[in-house]
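# Structure at a glance
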Amino acid sequence: EMRTEIKWAIIATIVLFVWLLLEKLLGLHAPEKLATWMIVDFIASILIFIAIYYMTTRDKRDVELGGVMSWKQGFWAAAVMTLIFIPLSSLVVYIFIKFVSPELPGSLTSYAKSTKDAISTFMSSHVTSSIVGGLLFSLIFPVFTKRAA
């Protein structure tokens, strides 16, 4: 069963969209605030996803596995959630930067003094960080949520 993984991937995607909207409303996507945005986004992303991965593995253990879960089961729950989250979040990020904050990718490439396609660069960065972060959190969080019979 992947009910827990699907549920938390959808929740994580919604939280991501709300976070992006909040950043936009706070003016952090403006070119003059990009340095601040990078720091705030990095810290907030880590804190948000610590909570998401912890709740995913805890929920898997308590709801689907009857309160008992090995590290391996927790790892696979978090990894599968990540695999579902990546395409969902990529779609949400694409829609966000295309329609809600179209200036963000261009501002970032100007800030980085890059000549690459702004949207492709931004999307590539999102997918890469989602894969790396998802793998790391998938390895770490089952350590805290495993429980022997």
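Here goes a summary of the coordinates provided.

Parameters at a glance
The residue count restarts for each chain, going from 1 along the sequence in the order it is written. In view of the model being predicted, local features appear only for residues whose pLDDT reaches at least 70, and side-chain atom pairs are presented and counted only at 80 or more, with totals across whole chains, interfaces and linings using the full set of residues. Hydrogens and waters are ignored; side-chain quantities use all the structure's heavy atoms. A run of DSSP states H or I qualifies as a helix once it reaches four residues; a run of E qualifies as a strand once it reaches two. Both are numbered from the N-terminal end. Any two residues whose heavy atoms approach within 4.5 Å at even a single point are treated as in contact. Accessible surface area values rest on a Shrake-Rupley calculation with a 1.4 Å probe, where residue burial reflects the displayed protein chains alone. For this analysis, a nonpolar core means a set of buried residues of the types Ala, Val, Leu, Ile, Met, Phe, Trp, Tyr and Cys, connected via side-chain atoms within 4.5 Å. The cut-offs for exposure are 20% and 50% of the maximum accessible area for each residue type, with area from a 1.4 Å probe on protein chains only; residues under the lower value are buried, those over the upper are exposed, and the others partly exposed. The rule is short: rings of Phe, Tyr and Trp, with Trp giving its six-membered ring, pair when the centres are within 6.5 Å, and they are stacked under 30 degrees, edge-to-face over 60, tilted in between.

Within the protein chain one finds five helices and zero strands. When its C-alpha atoms are laid out on the principal axes, the protein chain stretches across 55 × 25 × 25 Å. Contacts in the protein chain between residues far apart in sequence, at least 24 positions, make up 80% of those at least 6 positions apart. Entry remark: accessible area of the protein chain is about 8,300 Å², with carbon and sulfur atoms responsible for 73%.

A few words on the environment of M69. As for its placement among the helices and strands, M69 is situated in the loop between α2 (34-64) and α3 (71-100). It is 24 Å that separates the C-alpha atoms of M69 and L47, two residues lying 22 residues apart in sequence. If sequence neighbours within four positions are ignored, M69 has contacts with T57, K60, R61, G74, T145, K146 and R147.

Residues W37, F49, Y53, M81, F85 and F122 are the most contacted members of the largest nonpolar core, which totals 25 residues. Sorting the residues of this core by element identifies α1 (3-25), α2, α3, α4 (103-111) and α5 (118-145) as the ones contributing at least two each. Top contributing element to this core by residue count: α3, with eight residues.

Here the focus is the packing of aromatic side chains. Going through the model one piece at a time under the given rule, you end up with seven aromatic pairs. Where F75 meets W76, the ring centres are 5.1 Å apart and the plane angle is 75°; that geometry is what we call edge-to-face. In this structure F75 comes out as buried when scored by relative accessible area, which is 12%. Using a relative accessible area of 47% as the deciding quantity, one classes W76 as partly exposed. Among the aromatic side chains, those forming a connected cluster through ring pairs are Y53, F137, F141 and F144.

It is worth spelling out the side chain of E5 at this point. One can find E5 in helix α1. Once residues within four sequence positions are removed from consideration, E5 is found in contact with K60, E64, A77, V80, M81 and I84.

Let us look at the environment of I48. With respect to the helices and strands, I48 occurs in helix α2. Expressed as a C-alpha distance, the spacing of I48 and I140, which sit 92 residues apart in the sequence, is 15 Å. Not counting residues within four places of it along the chain, the set of residues in contact with I48 comprises V15 and W19.

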